[in-house]
Each structure stands twice: as C-alpha cells, then as structure tokens.
Amino acid sequence: MKNICFFSGDITRSGGTERVGSVVANELAKNEEFNICFLSLWEKQENSFFDIAQNIKRYKLFQNEVSGKKILSYIKKIRRFVKDKRIDILVDIDGILELYSIPALWGTKVKLISWEQFNYYQNPDGNYRKITRKLAAKRADAIVVLTDEDKGYYEKELKIRGKLRRIYNPMEQDEAKKEYKYESKTIISAGRLTYQKGFDILLDVAQKIFQKHSDWQWIICGEGEDRKVLESKIKEYHLEENVILKGNVKNINEYYSQSAMFVLTSRFEGFGLVLTEAKRMGLPCVSFRCPAGPAEIIEDGVNGYLVDCFDIETMADRINVLIEQNEKRISFSNNALVETDKFSIDNVAKQWEKLIEELLTER
C-alpha cells in the first residue's frame, strides 16, 4: 500500500480548493492500493466543511494559526511528518504551498505533485505564487493544471523538469436526471465574495436586468471580505428586494434546483467549478469568457452563453434573452450535460491514478 498525502492550508475551509481536494481524495481512497491522508498547516474547525471519507485520516502541523514568517518551522514539521508517516507522494492542493514543501522534501524520496488552482497569469497572493510556480517547474515531479488553456500558458512561460498534466476538476455524476424548473424566476451565482469573482460587476449587470424584470430575483451563495462593499452597492442600486446575499450554504444543490439559470461574472478562474455544478443540475449558464476554464465548460449557444470580458451590456442582453424565452432556457437545460463526460469523477480519478502510478514506478 502506498501512502498519498494531500497537503492543504486548512482542509476544513469552505473554498473551492478544499471542495475539489476532498472529492478527488475521497475517490482515490476507494483504491485499495492507496492509503490517503490530509495534512493541513492548521485546522480552524473541528469538522471539515466538505465530507471526507472515513478511511482518510486528517493531520495538522500546528494547533492554531501560525505566522507565515516562520517558514523554517513549517519546513521542519513537514519533513518530520513525511518521514514518520512514510509518505510516498505529497500532493500540494494549492501551488503556493511549494514555498514549504519543496525545501521540506529536499533529499528525500518523496514525490511531489503541484496542483495549481489558479491560471498561470493570476497571482492572488502576490509575488509568492510567481516564485512557487518557478520552483515547481524546477523541483516538482509533476504539475497538474485544470485546463488546456492553462497548460499552454505553462508550456509557453516555463521550462518544466517533471510532468505537466491537465486534469479537469470533477463534476459529480447523478444517475437521475434533474427536473428543470423552467417556471422559476431565480438567477443564481456562487463563490467567495472577492475581487476575483467579480460580484461588483454582477451588480452592474443586475441593475440593468431588474429595470426590465423586477419580478425576478438573483441569489448569491458564498461569503468573503467584499460583503460590506457589495451590500453598499446593492443599497445604492436599490436592489435590496432583488439581490440576496445568502452567505455560505451547505445545501447549494437545493438552490440550484430551484433556479432558472446560473451566471458567472468572474474576472479570472482556475477552472470554474461552479459552472460544472450548475450544469450537473441542468441549469443554463451565462459566463464571461475569462481565463481560464469557462470556454472549456460551456458550449456557447448550446447549453449557455459565453460573453467577452467584461461586456456588461452583452451580459445583460444574454440574461434577458433567457428570461424572456422559455424555449431557449429549456433547450439549454436539455443540453446541459453535452460534452461533460470529460469531467466525470471516473475519468478524473483514472488520470490521477495514472499519474500517481507513473511517479511511484519512477520512485
């Protein structure tokens, strides 16, 4: 049995990185040849926000949050952990963790997979992520990116020593087809309330939508540091009755199932996991064609619309078309799963297993 460790900042958090990390780890844990565990720098919550399989153990380096300046302390603890637990492969579920893992694994036989959640040209953590990408190119045994678009960026910008693989984030599969609520008058969006997700732009779009369709509602699921700014803008635009900030929700599928469409106004993405979630529930999707992900998820004019960044007028126009044309919404819903086999958890898990087996053979 081989020991595979997924390394996280805090796996108990409610972000997309933690969600997809949990889903992939849970699937790989079904392989009897793998012993899967999670290692976090620390865990703020006793229970993880997303379900983690019972046969996956969770560990943490520190009991409480520790200053990022104590890099040597991080490195020593990681090195001691991989030796004590006889880890064969360490998977950084966010590339910025290479700041600690690469020096920690120096001189060991542990293989390192850098799983990058942002596209190459986006650096939400400043220069640190630029540094860790270059470190990963030189030192990681494999780099996993989320889209073909992003894979092209890496090939253009870096000379990569190890393997470079595009593995999509998985879409959970259900046998039963969801019944689309075409009579719904609810638009839904989801994500952290941050600059990246562009909810401020969403409100500019919403102002135009509700001038024509005041009987509709727009629900935003997610929490984040931009909440107060968004609340102020909602009041400024007099959208209190139309735009609802729901905060973090455990049962987001219930919101999807009661909605007419999903809208993404992100400035950039690493993948666009929420789009696959919405498509899985049979929702038409409207998204900016931002880097990187939406153009590989939405079939424009088939199951949704792609809009040039950041064309507010066209975005509002496409949403209005779907509001006003039931037949179009129903057609998009019927085609929601077109070209989605590539996102199935089975296909994604097979690609991860193949990569892991290749690295173990080299080891």
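How each quantity is defined
- Residues numbered from 1 in each chain as written.
- Predicted model: local features only at pLDDT ≥ 70, side-chain atom pairs only at ≥ 80, totals over all residues.
- Heavy atoms only, no water.
- Helix = DSSP H or I, 4+ residues; strand = E, 2+ residues; numbered from the N terminus.
- Rg over C-alpha atoms; globule rule 2.2 N^0.38 Å.
- Buried < 20%, exposed > 50% of the residue type's maximum accessible area, 1.4 Å probe, protein only.
- Contact = heavy atoms within 4.5 Å.
- Arc of directions from axis to C-beta.
- Pairing = 2+ DSSP bridges.
- Axes fitted to C-alpha atoms, helices over the stretch in contact; angles between N-to-C directions.
- Polar contact = N/O pair within 3.5 Å; in protein donor to acceptor, adjacent residues only side chain to side chain.
- Right-handed = clockwise from strand over helix to strand, strands pointing away.
- Parallel < 35°, antiparallel > 145°, perpendicular 65-115°, else oblique.
- Nonpolar A, V, L, I, M, F, W, Y, C, P; charged D, E, K, R; others polar.
- Expected span 1.5 Å × (residues − 1).

1. Points about the overall build of the chain
Here is step 1: A tally of regular secondary structure across the chain gives 13 helices and 13 strands.
Here is step 2: Its C-alpha radius of gyration of 21 Å places the chain within 12% of the 21 Å reference for a compact globule of 363 residues.
Here is step 3: Dimensions of the chain, computed from the C-alpha atoms along their principal axes, are close to 65 × 40 × 40 Å.
Here is step 4: The buried share of the chain, taken over its 363 residues, is 56%.
Here is step 5: Within the chain, contacts between residues separated by at least 24 positions form 66% of all contacts whose residues are at least 6 apart in sequence.

2. Description of helix H7 (residues 227–236)
Here is step 1: When we look at burial in H7, the residues that qualify are Leu-230, Lys-233 and Ile-234. Around the axis of H7, the buried residues are gathered within 105 degrees of arc, so they sit on the same side. Seen from the open side of H7, the exposed residues pointing more than 90 degrees away from its buried face are Lys-228, Val-229, Lys-235 and Glu-236.
Here is step 2: Just past H7, the residue His-238 takes up positive phi, approximately 60 degrees.

3. Focus: the sheet that holds strand E12 (residues 285–288)
Here is step 1: Taken together, the 6 strands give an open sheet; going across it, the order is E10-E9-E8-E11-E12-E13, and neighbouring strands pair in parallel fashion. Edge strands, defined here as strands with exactly one partner in the open sheet, are strand E10 (243–247) and strand E13 (304–307). The average angle at which neighbouring strand axes cross in this sheet is 20 degrees, direction not considered.
Here is step 2: Pairing geometry for E12 and E13, over 4 bridges, is parallel. Residue Ser-287 lies in a different strand from E13, and its bridge partner there is Leu-306.

4. Side note on unusual backbone geometry
Here is step 1: Cis geometry is adopted by the peptide bond preceding Ala-292, which originates at Pro-291 and carries an omega value of -10 degrees.
Here is step 2: Examined against the element boundaries, Ala-292 turns out to sit in the loop between E12 and helix H10 (294–297).
Here is step 3: The omega angle of the peptide bond from Cys-309 to Phe-310 is -15 degrees, so this bond is cis rather than trans.
Here is step 4: Considering the arrangement of structural elements, one finds Phe-310 in the loop between E13 and helix H11 (312–324).
Here is step 5: The backbone of His-238 sits at a positive phi, close to 60 degrees, despite the residue not being glycine.
Here is step 6: Here His-238 lies in the loop between H7 and E10.

5. Some thoughts on the side chain of Ser-259
Here is step 1: Looking at where Ser-259 falls in the secondary structure, it is placed in the loop between helix H8 (252–257) and strand E11 (261–264).
Here is step 2: Exposure remark for Ser-259: the relative accessible area of 2% places this residue in the buried category.
Here is step 3: A polar contact is formed between the side chain of Ser-259 and the backbone oxygen of Tyr-255, at a distance of 2.6 Å.
Here is step 4: Apart from residues no more than four positions distant in its own chain, Ser-259 is found in contact with Tyr-180, Lys-181, Ser-184, Thr-186, Ile-188 and Leu-283.

6. Points about the pairing of strand E5 (residues 111–115)
Here is step 1: For E5, the buried fraction is high: 5 of the 5 residues fall into the buried class.
Here is step 2: Remark: the strand E4 (residues 89–92)/helix H3 (residues 98–105)/E5 crossover connection has right-handed handedness.
Here is step 3: Relative to strand E6 (residues 142–145), E5 runs parallel, the two being bridged by 3 bridges. Pairing of Trp-115 across the sheet is with Val-144, part of E6.

7. Brief notes about the packing of H11 against helix H12 (residues 326–334)
Here is step 1: The contact between H11 and H12 brings their axes to 5 Å, and the two run at 100 degrees. Here H11 lies roughly perpendicular to H12, going by the angle between them. Here H11 contributes Leu-322, Ile-323 and Glu-324 to the contact with H12, which in turn contributes Asn-326, Lys-328, Arg-329 and Phe-332.
Here is step 2: Its residues assigned to classes, the contact of H11 with H12 comprises 3 nonpolar, 1 polar and 3 charged.

8. Observations concerning the side chain of Arg-133
Here is step 1: Note on placement: Arg-133 falls in helix H4 (residues 127–139).
Here is step 2: Residue contacts for Arg-133: discarding those within four places in its chain leaves Glu-116, Phe-118, Asn-119, Tyr-120, Gln-122, Asn-123, Tyr-154 and Leu-158.

9. Overview of H11
Here is step 1: For H11, which comprises 13 residues, the first-to-last C-alpha distance of 18 Å matches the rise-based estimate of 18 Å (1.5 Å per residue) to within 8%.
Here is step 2: Buried within H11 we find Met-315, Ala-316, Ile-319, Asn-320, Val-321, Leu-322 and Ile-323.
Here is step 3: The opening residue of H11 is Asp-311, an N-cap whose side-chain oxygen sits 3.3 Å from the backbone nitrogen of Glu-313.

10. Here's the deal with the pairing of strand E9 (residues 217–221)
Here is step 1: Within E9, 4 of the 5 residues are buried, which leaves the element mostly enclosed by the surrounding structure.
Here is step 2: Alignment of strand E8 (residues 186–190) against E9, held across 5 bridges, turns out to be parallel. Looking at E9, one finds that Ala-190 is bridged to Cys-221.
Here is step 3: On the question of chirality, the crossover connecting E8 to the parallel E9 by way of helix H6 (residues 199–212) is right-handed.
Here is step 4: Of the pairings in the sheet, the one linking E9 to E10 comprises 4 bridges and is parallel in character. Note that in E10 the partner of Cys-221 across the bridge is Gly-247.
Here is step 5: Handedness of the β-α-β unit built from E9, H7 and E10 comes out right-handed.

These results come straight from atomic positions and should not be treated as a statement about function.
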